[in-house]
Amino acid sequence: MLISSATNPRIKHARKLLRQRKFREQHGEFVVEGVQAVAEALAQGWRLRQVYYHDESVRSEKALQVLDELDAHLCIELTRPVLTRLSERPDNPSELIAVIASPRDDLARVPVSNDMLAVVLEEPRDPGNLGTVIRTADALGVGGVVLLGPTVDLYGPKTVRATMGSLFAVPVAHVPDVDGLAGWITRIRAEVEELRVVATVARDAGAIHEQDFRGATLVVVGNERRGVSDELRAACDTAATIPMSGSAESLNSAVATSIVLYEACRQRAARG
Ligand SMILES: C[S@@+](CC[C@H](N)C(=O)[O-])C[C@H]1O[C@@H](n2cnc3c(N)ncnc32)[C@H](O)[C@@H]1O
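Residues numbered from 1 in each chain as written. Predicted model: local features only at pLDDT ≥ 70, side-chain atom pairs only at ≥ 80, totals over all residues. Heavy atoms only, no water.

**Overview of the site of the ligand**
Piece 1. Lining the immediate surroundings of the ligand are 19 residues, of which Thr-200, Val-201, Gly-222, Ile-242 and Leu-251 lie closest.
Piece 2. Between the ligand and Thr-200 there is a distance of 2.7 Å, counted from an oxygen atom to a side-chain nitrogen or oxygen.
Piece 3. Arg-203 has a polar side-chain atom sitting 3.4 Å from an oxygen atom of the ligand.
Piece 4. Within the complex, the protein chains bury 89% of what would otherwise be the 560 Å² of accessible surface of the ligand. (Near = heavy atom within 4 Å. Polar contact = N/O pair within 3.5 Å; in protein donor to acceptor, adjacent residues only side chain to side chain. Areas by Shrake-Rupley, 256 points an atom, 1.4 Å probe, with all protein chains shown as cover.)

In structure tokens, the structure reads:
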């Protein structure tokens, strides 16, 4: 099939998925642009509903592999102007743009074990921060990311882009409130020897290198503006601070998450 009009219903549908969170939620779909990300989604078993491409623009081996692997009816050819219209980078559209089904939102996707390491983000509002945390979690082998309370859309184009394909490798789930999180924590405690739920706070707690991150751990990170809420802090076992010596009041939440996760991984590697 070749689509040559930007008013084709499929193209209008994909563009609306890019623009409207509500539409994404209604349809349980979102849009991903880029060969690497689309290939990762395919490799990780996500359901690709359509992959759009312009024949003469497909050059890389990887893009060709994706198109080869997929059922032919899912691969839809566009004229160059239509691909440009769909792209978020009209100056330089990617070879592949995919519509992908979002998975069921379920905490059970985050693996529980005696050496689990997962992140809880309270009300993340910035898509770049959320995407960066997911990318870091993937790079460091973290088991999952839990989003607590009202959050920026995980499947919005800015978040998806910031994950650089890691969205497909790391389980991400959402809990609406602290009670829901506390229920999950109770279930984990019933399964593992010991769980430490560590609130990260910008001041007034023990330094991260003095904390023990070697057992099952949840690293809790606060909202960009307000930090960790009192209610969430009360559900944590302890708190930890990244020592700061300059005049900055706090670190960016994604940077703080990365530093704490690095310390946790360093301790785990030292344990052998
Ligand atoms: C931008 S900070 C929030 C600042 C907020 N005004 C406060 O006082 O908590 C966002 C989150 O990043 C983490 N964070 C920032 N700086 C940190 C530090 N020095 N040590 C540990 N966590 C930090 C905390 O989880 C914090 O809630």
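Read on for the rest.
**Re a nonpolar patch on the surface**
Piece 1. Residues Met-244, Leu-251, Val-255 and Ile-259 make up a contiguous nonpolar surface patch of roughly 270 Å² in combined accessible area.
Piece 2. Within the fold, Val-255 resides in helix α10 (residues 253-271). (Patch = residues over 30% accessible without salt bridge, like charges linked within 9 Å, V, L, I, M, F, W, Y side chains within 5 Å. Salt bridge = Lys/Arg side-chain N within 4 Å of Asp/Glu carboxyl O. Helix = DSSP H or I, 4+ residues; strand = E, 2+ residues; numbered from the N terminus.)

**Quick look at the domain arrangement of the protein chain**
Piece 1. When the domains of the protein chain are assigned, the result is domain 1 (2-101) and domain 2 (107-271).
Piece 2. When each unit is reduced to the centre of its C-alpha atoms, the spacing between domain 1 and domain 2 is 31 Å.
Piece 3. Between domain 1 and domain 2, the contact holds 13 residues from the first and 13 residues from the second.
Piece 4. Broken down residue by residue, the surface that domain 1 buries against domain 2 is led by Arg-21, Phe-30 and Trp-46, which jointly contribute 41%.
Piece 5. Counting across the domain 1 and domain 2 interface gives two salt bridges.
Piece 6. Residue Arg-24 is joined to Asp-153 by a salt bridge in which the shortest nitrogen-to-oxygen separation is 2.6 Å.
Piece 7. Run the count over domain 1 and domain 2 and you get five residue pairs in polar contact (both at pLDDT 80 or more). (Domains from an automatic or database assignment. Contact = heavy atoms within 4.5 Å. Buried area = accessible area lost by both parts, 1.4 Å probe.)

**A look at helix α4 (residues 61-69)**
Piece 1. Among all positions of α4, only Ala-63, Val-66 and Leu-67 are buried. For α4, the angular spread of the buried residues around the axis is 95°, confining them to a single face. Along α4, exposed side chains directed more than 90 degrees from the buried face belong to Glu-61, Asp-68 and Glu-69.
Piece 2. Buried residues in α4 make contact with α3 (35-43), β3 (48-53) and β4 (75-78). (Buried < 20%, exposed > 50% of the residue type's maximum accessible area, 1.4 Å probe, protein only. Arc of directions from axis to C-beta.)

**Some remarks on the sheet that holds strand β2 (residues 29-33)**
Piece 1. The five strands are arranged β1-β4-β3-β5-β2 in an open sheet whose pairing can be described as mixed. The sheet is open, and its two borders are formed by β1 (2-3) and β2, each paired with just one other strand.
Piece 2. Sheet topology places β3 next to strand β5 (residues 97-101); four bridges connect them, and they run antiparallel. Within β5, the residue paired with Val-51 across the bridge is Ala-98.
Piece 3. Packing of α3 onto the sheet brings it into contact with β2, β3 and β5, and relative to β3 it is tilted by some 155°. (Pairing = 2+ DSSP bridges. Axes fitted to C-alpha atoms, helices over the stretch in contact; angles between N-to-C directions.)

**Let's talk about the packing of aromatic side chains**
Piece 1. Under the criterion given, the structure shown has four aromatic pairs.
Piece 2. The interplanar angle of 35° and the centroid separation of 4.5 Å between the aromatic rings of Phe-30 and Tyr-155 together place this pair among those described as tilted. Here Tyr-155 lies in the loop between β7 (144-148) and α7 (157-163) and Phe-30 lies in strand β2, a separation of 125 residues in the sequence.
Piece 3. A relative accessible area of 15% places Tyr-155 in the buried class.
Piece 4. Note on Phe-30 and Phe-168: the rings are 6.3 Å apart at their centroids and 15° apart in plane angle, and the pair reads as stacked. Remark: Phe-168 occurs in the loop between α7 and β8 (172-175) and Phe-30 occurs in strand β2; sequence separation between them is 138 residues. (Phe/Tyr/Trp six-rings, centres within 6.5 Å; stacked < 30°, edge-to-face > 60°.)

**Side note on the side chain of Glu-33**
Piece 1. Looking at the secondary structure, you find Glu-33 in strand β2.
Piece 2. For the buried Glu-33, no salt bridge exists, and the shortest N-O distance to an oppositely charged side chain is 4.4 Å, to Arg-89.
Piece 3. Polar side-chain contacts of Glu-33 include one of 3.0 Å to the backbone nitrogen of Ser-94.
Piece 4. Leaving out residues up to four positions away in the same chain, Glu-33 has contacts with Ser-87, Glu-88, Arg-89, Pro-93, Ser-94, Leu-96 and Ile-97. (Lys, Arg positive; Asp, Glu negative; His and termini not counted.)

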